[in-house]
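Architecture and fold: a report
Chain by chain, the residues:
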Amino acid sequence: MALEFTKYQGLGNDFILLDNRQQTEPLVTPEQAAKLCDRHFGIGADGVIFALPGTDGSDYTMRIYNSDGSEPEMCGNGIRCMARFIDQLEGGNPVGKTYDIHTLAGMIRPQLEAEEQVRVDMGEPILTPAEIPTSLADDAGKSVNQPLDVVGKTWTVTCVSMGNPHCITFVDDVAAIPLEEIGADFETHSAFPQKINTEFIEVVRPDYIKMRVWERGAGITLACGTGACASVVAGVLTGNCDRLCTVELPGGCLQIEWSKADNHVYMTGPAEISFQGSTAL
Ligand code: ZDP
């Protein structure tokens, strides 16, 4: 079977987008998705995203498989790519157009902006340890500035879910973190029953932070949208960041705002098409 696909990337976090509007089940299996994501034996991507029909009154449903075939609840860079992809499928919409997209993390609302930017209402962060989920909690039931032993070292971490789970560590020099050596040990630590996405943050200024990420199911990537949102929330909770903050990732910058007014996190960043093609399944 020939499979038509479109490649998009947001800050170098790259995805295979599939027009899945004709059926409610994903067009490919997790195993096929992992093969498509392989950079030597397939198309190459950090994940496969399915643009499915809407659910519960939403315009569309988004599902995503990571490059190892696992299924996360949400994907921040991916939903910006999905908004641009839908715009392309619908034949082009004006700046300001919003979509209600159902995800496993609830309703997420991207809005088309000028110059290939997309602003996304990412909803409210989840801070309850049992719901993140993590066993790391203090007596007050908060998962803020908690000690975590990984690879023979005690780190001070803060955990936040944006629908998917994140563990954030503030460090002096993010470039000095040996991410390829320690990332998997965070990901599979017993404190995280659903595994974890891991972000290391260097605070340049309260309104500008640098981030490196090890993603659950994908390893080191150039950017992680949900991770940038979770990191600013963690930064506010620990007194490291302003509510309006630029996050510099290896692939570029995202603007994040944790709104005091409605408790929602808003993420603004680019999403661009790279190429289209078809492949045999
Ligand atoms: O939670 C997970 O398993 C992540 N690997 C999902 C992908 C997150 C993503 N990088 C993002 O931008 O939020 C796509």
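These numbers were taken from a predicted model, which means no experiment stands behind them.

This part takes up the overall build of the protein. Summing up its helical and strand segments, the protein has four helices and 17 strands in all. Relative to the compact-globule value of 19 Å for 281 residues, the protein shows a C-alpha radius of gyration of 18 Å, a close match. Along the first, second and third principal axes, the C-alpha set of the protein runs to 50 × 40 × 35 Å. Per-residue burial for the protein yields a buried fraction of 52% across its 281 residues. Within the protein, counting contacts between residues at least 6 apart in sequence, those at least 24 apart form 60% of the total.

Next up on the list: the packing of aromatic side chains. This model, assessed by the stated rule, comprises seven aromatic pairs. Pairing Tyr8 with Phe85 gives two aromatic rings, centres 6.1 Å apart and planes at 75°, and the pair type is edge-to-face. Placement of Tyr8 in strand E1 (residues 2-10) and of Phe85 in helix H2 (residues 76-89) is noted, with a sequence separation of 77 residues between them. A relative accessible area of 4% places Tyr8 in the buried class. We classify Phe85 as buried; its relative accessible area is 2%. Considering the side-chain rings of Trp155 and Phe186, the 5.5 Å spacing of their centres and the 70° angle between planes classify their relative orientation as edge-to-face. Residue Trp155 is found in strand E9 (residues 153-161), and its partner Phe186 is found in helix H3 (residues 179-187); the two are separated by 31 residues along the sequence. With relative accessibility at 7%, the residue Trp155 sits in the buried group. Residue Phe186 is classed as buried on the basis of its relative accessible area, which comes to 0%. An aromatic cluster is defined as three or more aromatic residues linked by ring pairs; in this entry it consists of Trp155, Phe186 and Phe200.

Let us look at the site of the ligand. Neighbouring the ligand are 16 residues, the closest being Cys75, Gly76, Glu215, Gly225 and Thr226. Taking Asn13, its side chain carries an N or O atom lying 3.0 Å from a nitrogen atom of the ligand. The separation between an oxygen atom of the ligand and a polar side-chain atom of Asn197 is 2.8 Å. Here the ligand loses 99% of its free accessible area of 380 Å² to cover by the protein chains. Of the pockets mapped on this structure, the ligand occupies the largest cavity. Counting only elements with at least two residues in the shell around the ligand, the list comes to strand E2 (13-19), H2 and helix H4 (225-237).

A negative phi angle characterises most non-glycine residues, just as the trans form characterises most peptide bonds. Each neighbour pair has its own omega, and for Ile132 with Pro133 the value is -10°, a cis peptide bond. Topologically, Pro133 is positioned in the loop between strand E7 (117-121) and strand E8 (146-150). You will see that Asn145, though not glycine, has its phi angle at about 50°, which is positive. Position of Asn145 relative to the elements: it lies in the loop between E7 and E8. Asn145 sits in the partly exposed class, given a relative accessible area of 43%. Of note in the backbone geometry, Asn263 takes a positive phi value of approximately 65° without being a glycine. For Asn263, the position within the fold is in the loop between strand E15 (252-258) and strand E16 (265-270).

Right, let's talk about H3 for a bit. Three- or four-residue spacings in an α-helix give side chains the same orientation, since the helix completes a turn every 3.6 residues. Of the positions making up H3, those classed as buried are Leu179, Ile182, Gly183, Phe186 and Glu187. Relative to the axis of H3, the buried residues are bounded by an arc of 145° and lie together on one face. For H3, the secondary structure elements touched by its buried residues are E8, E9, strand E10 (165-170), strand E11 (197-205), strand E12 (208-215) and strand E13 (219-220).

Each value, and the rule that gives it
Sequence order as written defines residue numbering, which begins from 1 separately in each chain. Given that this is a predicted model, residues contribute local features only at a pLDDT of at least 70 and side-chain atom pairs are listed and counted only at 80 or more, while totals for whole chains, interfaces and linings are drawn from all residues. To obtain the side-chain values, all non-hydrogen atoms of the structure were used and water was disregarded. Note on conventions: DSSP H or I runs of at least 4 residues are helices, E runs of at least 2 residues are strands, and numbering of each starts at the N terminus. For this measure, only C-alpha atoms enter the radius of gyration; the expected value for a globule follows 2.2 Å times N^0.38, where N is the number of residues. Each residue gets one of three labels from its accessible area relative to the maximum for its type: buried under 20%, exposed over 50%, partly exposed in between, using a 1.4 Å probe on protein chains only. We call two residues contacting when some pair of their heavy atoms lies within 4.5 Å. Ring pairs are drawn from Phe, Tyr and Trp, using the six-membered ring of Trp, whenever the two centres fall within 6.5 Å, and their geometry is named by plane angle: stacked under 30 degrees, edge-to-face over 60, tilted for the rest. If a single non-hydrogen atom of a residue is within 4 Å of a molecule or strand, that residue counts as near it. Under the rule applied, a polar contact is a pair of N or O atoms within 3.5 Å (in protein, one hydrogen donor and one hydrogen acceptor; residues adjacent in sequence only if both atoms are side-chain atoms). Accessible surface is estimated by sampling points in the Shrake-Rupley manner with a 1.4 Å probe; for residues, cover comes only from the protein chains shown. In this analysis, the protein atoms alone were mapped onto a 1 Å grid. Cavities are point sets where a 1.4 Å probe fits without being able to get out; pockets are open sets with protein on both sides within 12 Å along at least five of seven lines; lining residues have an atom within 4 Å of a point. A molecule is said to be in a cavity or pocket once over half of its atoms fall within 2 Å of that pocket's grid points. To be clear, the arc concerns the directions from the helix axis to the C-beta atoms.

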